[in-house]
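Structural characterization, general
So you can see what is in the structure, the chains are spelled out below.
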Amino acid sequence: SRLSLCPAAAAPTCPRSGFAKFFLLAAMSSAKKASKASKAADSINARLQLVMKSGKYSLGYKTTLKTLRQGKAKLVLIANNCPALRKSEIEYYAML
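Calculation notes
- Residues take numbers from 1 onward in each chain, read along the sequence in its written order.
- In keeping with the model being predicted, local features are shown solely for residues with a pLDDT of at least 70 and side-chain atom pairs are shown and tallied solely at 80 or more, while totals for entire chains, interfaces and linings include all residues.
- Processing note: side-chain calculations cover all non-hydrogen atoms of the structure and skip hydrogens and water entirely.
- Elements are defined by DSSP. Helices are runs of H or I of four residues or more, strands are runs of E of two residues or more, and each kind is numbered from the N terminus.
- The buried label applies to any residue whose accessible area, calculated with a 1.4 Å probe on protein chains only, is under 20% of its type's maximum; exposed applies above 50%, and partly exposed to all values in between.
- Working rule for contacts: check all heavy atoms of both residues, and any pair within 4.5 Å makes them a contact.
- We get accessible surface area from the Shrake-Rupley algorithm with a probe of 1.4 Å; when it comes to residues, only the shown protein chains can shield them.
- We place a 1 Å grid over just the protein atoms. Points where a 1.4 Å probe fits but has no way out form a cavity, open points with protein on both sides within 12 Å along at least 5 of 7 lines form a pocket, and any residue with an atom within 4 Å of a point lines it.
- Grid points are joined across faces, edges and corners, and a volume is the space filled by probe spheres set on the points.
- All residues other than Ala, Val, Leu, Ile, Met, Phe, Trp, Tyr, Cys, Pro, Asp, Glu, Lys and Arg, Gly among them, are scored as polar; the first ten of these are nonpolar and the last four charged.
- Only Phe, Tyr and Trp rings take part, Trp by its six-membered ring, and two of them pair if their centres are within 6.5 Å. Stacked means planes under 30 degrees apart, edge-to-face means over 60, and tilted covers everything else.
- Each ring is checked for a lysine NZ or an arginine CZ that lies within 6 Å of its centre and within 35 degrees of its normal; such an atom marks a charge sitting over the ring.
- As a per-residue measure, pLDDT tells how confident the predictor is, with possible values from 0 to 100.

This brings us to the overall build of the protein chain. On a plain count of helices and strands, the protein chain comes out with three helices and two strands. When the 96 residues of the protein chain are sorted by exposure, 10% land in the buried category. By sequence separation, contacts in the protein chain at least 24 residues apart represent 24% of the contacts at least 6 residues apart. Within the structure as shown, the protein chain displays about 8,500 Å² of accessible surface, and the carbon and sulfur contribution to it stands at 61%.

Here it is as structure tokens:
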């Protein structure tokens, strides 16, 4: 039998067997799963870009606490490396 290289899957396949179709479908389904995650990340990035462009944001700990106390904050993003005490304080003010 003749072997050919499937360009989508980049693996040697036999054109007469169903293996090529199965492998191609498996590759496509895994690509769809990855694209859903990347679409969500792209959506978040696009919204953050829109907020940054509008100028209605504040950066920093002190300004965040001020806006939380005033009740003007709609969304607070906390970094992964934020100290635990500071994070708990921000969450406390957000609950009020």
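Now that the structure is up, let's keep going.
Turning next to the layout of surface pockets. Roughly 950 Å³ of volume is contained in the largest pocket. Lining the largest pocket are 26 residues, and of these Tyr57, Ser58, Leu75, Val76 and Leu77 sit closest to its centre. Every element with two or more residues in the lining of the largest pocket is listed here: helix H1 (19-54), helix H2 (61-70) and helix H3 (84-95). Here the residues of the lining of the largest pocket sort into 17 nonpolar, four polar and five charged.

Here the focus is the packing of aromatic side chains. Taken as a whole, this structure holds one aromatic pair when the rule is applied. When the centroid spacing of 5.9 Å and the interplanar angle of 70° are considered together, the rings of tyrosine 92 and tyrosine 93 count as edge-to-face. The ring of tyrosine 93 carries the charged tip of arginine 69 above its face, separated from the ring centre by 5.3 Å.

Moving on, we get to the confidence of the model for the protein chain. For the protein chain, per-residue confidence averages 74 on the pLDDT scale, and residues scoring 70 or more make up 65% of the total. pLDDT under 50 marks residues 1-14. Its contacts with residues more than four places away, or in other chains, come to 23 contacts. In this model, residues 17-30 is a region of pLDDT below 50 whose contacts with residues beyond four sequence positions or in other chains number eight contacts.

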